[in-house]
Amino acid sequence: MKKLISVLCISVILAGVLFGCNSNDNRNENNENKQKETLASVAGNDFFNHEDIPTPYETITDPKNYSVPLADQTYNMDTDFQNYYSKSIYSDFDIAETDSTIFFYNKYFNEAYIKMLDKESKTTKPFCNKPECSHTTNECNSCFKDVLGMFYYKGCLYIMRQEYFANEDTWDKIEINLYKVSIETQEREKVKNIATALTEDGSEFYSIAYIQHRGYLYYIYDVGTGGEKDIFYNNGSNSLYRISIENNSDKECIANMERTDGLIVSFLRLQATGSYVYYMIPDSYGMGAVYRFNTETLKSEALNLGVVAMENFVVWDGDIYYKKDWTETKIYKVSSDLEKEELYIDTQISGHEKSSDFRACEDYMYVTSFDDESYKLYTVYNKSGECVAEIDFPANDVINMGGKDIFVSYDWNSLSDEQYSGGYGESEKGVLYILDTDDIKKNKEDNTFTRIDL
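Being a predicted model, the structure only gives us computed values, none of them experimental.

## Observations concerning the environment of Gly224
- Tracing the chain through its elements places Gly224 in the loop between strand S12 (216-223) and strand S13 (239-244).
- Its relative accessible area of 16% is what places Gly224 among the buried residues.
- Considering only alpha carbons, one finds Gly224 and Asn235, 11 residues apart in sequence, at a separation of 8.0 Å.

Dropping the structure here:
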């Protein structure tokens, strides 16, 4: 847990963030007055004390008052959150997929080059169809600057970018804008402004966690707080929002986090399935209570699981899997209607004494297991709780992302400053590892990753 927290804190510093969201306005202030207030705050050197706490949707705690979803809960790859990927805590690598292709980028400084991995051939190529393009300049269709994140929705990629606009007459602006990118033509179109904030010099640090689910972007950000309790809600920070991808409706606040000293954005463990979006209200150590937002009733429902570690709960086919104590080895399963709890597995059946974080992909749960801190591996369990495989991590300090058909890992230690001396295009370098999950289904004893040098 301590090691995970340190990694997450580093990722928060590296991540770019959305900020400056409008709240649910019940303060009888129009937009012009709000802008004047923000300008006055900046001008008075009081920018970091400007709090604007939004009004969230209702949270209910008694399961007797929870509503059963009426919409179809079947997973749809075209519209639903790709819950088999753990992608909200890293900014230098992001991933999305279709039935045939995995899209990914690795970022260095302010540039990201998107590449495509063909699932069948296991080959990669740039996300660019320009004839005679060298794929090494910022004119390449695959190049995006100042990228904060990427996701797939209805046949298109969506790219979030942080864009800076200097202004000689007033304060500068930093906008977070959403771009829709055609997979077929690579044409890009700005479709939505996610957030706008005024800035004195553009030097603020931003952090973000987000997911896309059924046409909405769910996100939380932190800007300008430095993890201080007194300015916890500075400029809309530390509140969970959603905004429609397809229409011009306003941002909606789902929940406000509890005031705490420390950065907490990466600890929500946002997940979604069917009509529910799951999140935590964590402390600064990544421990907290778990809730789900019912997208039909627009109310949050407490799961009443106690205090849970953020890496120790996942949603799999609508059911909730979690550890009651992050130091133990038992993983429990709670039905989606919250009426039944049972022991799913005690991970010691694998022969390893300890286990930590876990994730659920299409057919299997991958649990990090170990006997001492020097060596860790994935023990793989099917839905019946049988241990069906053991998989060594392909390299030290890889980002293990998961995957629907192919398990994907990315080696961030392969990147070095020397690799980037050549200018544009050098940020394509790195190492990708893939594991065909069919090897597990075929009961192969040697489950090994294929290395792809980028």
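So, next bit.
## Quick word on the pattern of salt bridges
- Applying the stated rule across the entire model yields 18 salt bridges.
- In this structure, the salt-bridge partner of Lys122 is Asp436, at a minimum N-O distance of 3.7 Å. One end of the pair, Lys122, is in the loop between strand S4 (111-118) and strand S5 (124-126); the other, Asp436, is in strand S30 (residues 431-436), and 314 residues separate them in sequence.
- Under the relative-accessibility criterion, Asp436 is labelled partly exposed at 25%.
- Because the salt bridges share partners, they merge into one network encompassing Glu97, Lys119, Lys404 and Asp405.

## Some details on the sheet that holds strand S22 (residues 330-334)
- Strand order in this open sheet of 4 strands is S20-S21-S22-S23, and the pairing throughout is antiparallel. Taken across any chain shown, the strands that pair with only one partner, and hence form the sheet edges, are strand S20 (313-316) and strand S23 (341-346). Averaged over neighbouring strand pairs, the angle between their axes works out to 25 degrees when direction is ignored.
- As judged from the 3 bridges shared by strand S21 (residues 319-322) and S22, these two strands associate in the antiparallel manner.

## Some thoughts on the sheet that holds strand S24 (residues 354-360)
- Spatial ordering of the open sheet is given by S24-S25-S26-S27, a layout of 4 strands whose pairing is antiparallel. Each edge of the open sheet carries a strand with a single partner, namely S24 and strand S27 (387-392). Across the sheet, the mean angle separating the axes of adjacent strands is 25 degrees when strand polarity is ignored.
- Pairing of S24 with strand S25 (residues 365-372) involves 5 bridges; the strand directions are antiparallel.

About the thresholds
- Residues numbered from 1 in each chain as written.
- Predicted model: local features only at pLDDT ≥ 70, side-chain atom pairs only at ≥ 80, totals over all residues.
- Heavy atoms only, no water.
- Helix = DSSP H or I, 4+ residues; strand = E, 2+ residues; numbered from the N terminus.
- Buried < 20%, exposed > 50% of the residue type's maximum accessible area, 1.4 Å probe, protein only.
- Salt bridge = Lys/Arg side-chain N within 4 Å of Asp/Glu carboxyl O.
- Pairing = 2+ DSSP bridges.
- Axes fitted to C-alpha atoms, helices over the stretch in contact; angles between N-to-C directions.

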